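Letter by letter, the chains look like this.
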Amino acid sequence: MNYIITTEQLTKKYKNFTSVNDVSLHIRKGSIYGFIGPNGAGKSTTMKMLLGLTVPTNGSFTIDGKHFPDDRLVILKEIGSFIESPSFYANLTGRENLDIIRRILRLSKSSVEDALELVGLTEFGDRLAKKYSLGMKQRLGLAGALLGRPPILILDEPTNGLDPSGIHEIRNLVKSLLNLYDCTILISSHMLSEIELIADDIGILNHGRLLFEGSLDDLRQNALQSGFAADNLEDVFLSMVEKDNTARKQRAKL
Ligand SMILES: Nc1ncnc2c1ncn2[C@@H]1O[C@H](COP(=O)(O)OP(=O)(O)O)[C@@H](O)[C@H]1O
Ligand SMILES: [Mg+2]
């Protein structure tokens, strides 16, 4: 299998609390990988480690043949990211905000127009960021991640806080990216239902542990075997989490 990102027993501890625990991910090149887990499961922490924003306590990872920590800077050049509601300069326009990122990344001027076009913000490019709706801010965040069309996109809950039509819009946008250029997308959510329409593979995280990793078909099979309707994967996800939480409580009592 051609994996573009693999993590090996990736672990992050804060004092005596383990936020990410022995996580081994396998992300196929050209796929959309849905990283699912309740709030606090460790999704953002995992993504921050991949982006070099926080250092793993244990384990390692490889991105596009480059191994962390030796190739940290090379790795970063290949990834566009959207982490936890990106912030912008409120008194600058959308276009100006993107231009700042473009200069830092030393990309051509046309990359800003390209990114605005990709997320459908071209006609709003000259509006101040503070006048953007939440959905437009999320799209501007995605445009920032897309500058220079990086081969890997790491998107942390890009639909967070959006209404159903906003969620639908971002979902379609993310899905369309794979047709626009050759990329791989790691996208997180606390709801499987938000991601299952676009993801090829799913990783389910709870309390820092990976409970499941596989294709959507694998998850459907798993659902049927556990007595669920295969068309209600959200229930399967929630029950996996609940089962794990119960087992944890029992272990804690012993
Ligand atoms: N800097 C930090 N110091 C201590 N604990 C942290 C820190 N960052 C995150 N955590 C904890 O790690 C756990 C996982 O957080 P996070 O990765 O943000 O989860 P998610 O993105 O899945 O909601 C949470 O319990 C959170 O409180
Ligand atoms: Mg998070």
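Definitions and cut-offs
Residues numbered from 1 in each chain as written. Chains lettered and ligands numbered in written order. Predicted model: local features only at pLDDT ≥ 70, side-chain atom pairs only at ≥ 80, totals over all residues. Heavy atoms only, no water. Helix = DSSP H or I, 4+ residues; strand = E, 2+ residues; numbered from the N terminus. Rg over C-alpha atoms; globule rule 2.2 N^0.38 Å. Contact = heavy atoms within 4.5 Å. Areas by Shrake-Rupley, 256 points an atom, 1.4 Å probe, with all protein chains shown as cover. Lys, Arg positive; Asp, Glu negative; His and termini not counted. Charge placed at Lys NZ, Arg CZ, Asp CG, Glu CD. Near = heavy atom within 4 Å. Polar contact = N/O pair within 3.5 Å; in protein donor to acceptor, adjacent residues only side chain to side chain. Nonpolar A, V, L, I, M, F, W, Y, C, P; charged D, E, K, R; others polar. UniProt positions renumbered as here; feature names shortened; annotations may be inferred. Domains from an automatic or database assignment. Buried area = accessible area lost by both parts, 1.4 Å probe. Salt bridge = Lys/Arg side-chain N within 4 Å of Asp/Glu carboxyl O. Patch = residues over 30% accessible without salt bridge, like charges linked within 9 Å, V, L, I, M, F, W, Y side chains within 5 Å. Buried < 20%, exposed > 50% of the residue type's maximum accessible area, 1.4 Å probe, protein only.

1. Here we look at the overall build of the chain
Then, number 1: Across its full length, the chain carries 9 helices and 11 strands.
Then, number 2: A globule of 254 residues ought to have a C-alpha radius of gyration of about 18 Å, and the chain, at 19 Å, matches this closely.
Then, number 3: Expressed along its principal axes, the backbone C-alpha trace of the chain runs to roughly 60 × 40 × 35 Å.
Then, number 4: Restricting the contact set of the chain to residue pairs at least 6 apart, pairs at least 24 apart contribute 67%.
Then, number 5: Carbon and sulfur atoms make up 50% of the accessible area of the chain, which amounts to about 12,700 Å² in all.
Then, number 6: When the 30 positive and 31 negative side-chain charges of the chain are each reduced to one mean point, those points stand 7 Å apart.

2. Some points on unusual backbone geometry
Trans is the common state for peptide bonds, and a negative phi is the common state for residues other than glycine.
Then, number 1: The backbone of Asp 22 sits at a positive phi, close to 60°, despite the residue not being glycine.
Then, number 2: One can find Asp 22 in strand S2 (residues 17-23).

3. Concerning the site of ligand 1
Then, number 1: Around ligand 1, the neighbouring residues are Tyr 14, Phe 17, Ser 19, Pro 38, Asn 39, Gly 40, Ala 41, Gly 42, Lys 43, Ser 44 and Thr 45.
Then, number 2: The separation between an oxygen atom of ligand 1 and a polar side-chain atom of Ser 44 is 2.8 Å.
Then, number 3: Here ligand 1 loses 61% of its free accessible area of 560 Å² to cover by the protein chains.
Then, number 4: Those elements that place two or more of their residues in the shell around ligand 1 are S2 and helix H1 (43-50).
Then, number 5: For the shell around ligand 1, the element with the highest residue contribution is H1, accounting for 3 residues.
Then, number 6: Class assignment for the residues of the shell around ligand 1 results in 4 nonpolar, 6 polar and 1 charged.

4. Here we look at the UniProt feature "domain: ABC transporter" (unreviewed entry) in the chain
Then, number 1: UniProt records the feature "domain: ABC transporter" (unreviewed entry) at residues 5-232, using the numbering of this structure.
Then, number 2: Helix makes up 35% of residues 5-232 and strand makes up 26%, while its end C-alpha atoms are separated by 29 Å.

5. Some remarks on the domain arrangement of the chain
Then, number 1: Here the chain is described as being made up of domain 1 (3-78 + 152-215) and domain 2 (87-150).
Then, number 2: One C-alpha centre belongs to domain 1, the other to domain 2; they are set 23 Å apart.
Then, number 3: Taken together, the contacts link 17 residues of domain 1 with 11 residues of domain 2.
Then, number 4: Across the interface of domain 1 and domain 2, roughly 1,200 Å² is buried in total on both sides, 71% from carbon and sulfur atoms.
Then, number 5: It is Leu 162, Leu 173 and Tyr 181 in domain 1 that bury the most area against domain 2; as a group they hold 37% of the surface buried on that side.
Then, number 6: At the boundary of domain 1 with domain 2, the tally comes to 1 salt bridge.
Then, number 7: In this structure, the connection of domain 1 to domain 2 is made through 4 residue pairs in polar contact (both at pLDDT 80 or more).

6. Examining a nonpolar patch on the surface
Then, number 1: Together, Tyr 89, Ile 100, Ile 104 and Leu 105 make up an exposed nonpolar region whose accessible area comes to about 420 Å².
Then, number 2: Within the secondary structure, Tyr 89 sits in the loop between strand S7 (79-82) and helix H3 (94-105).
Then, number 3: Exposure remark for Tyr 89: the relative accessible area of 51% places this residue in the exposed category.

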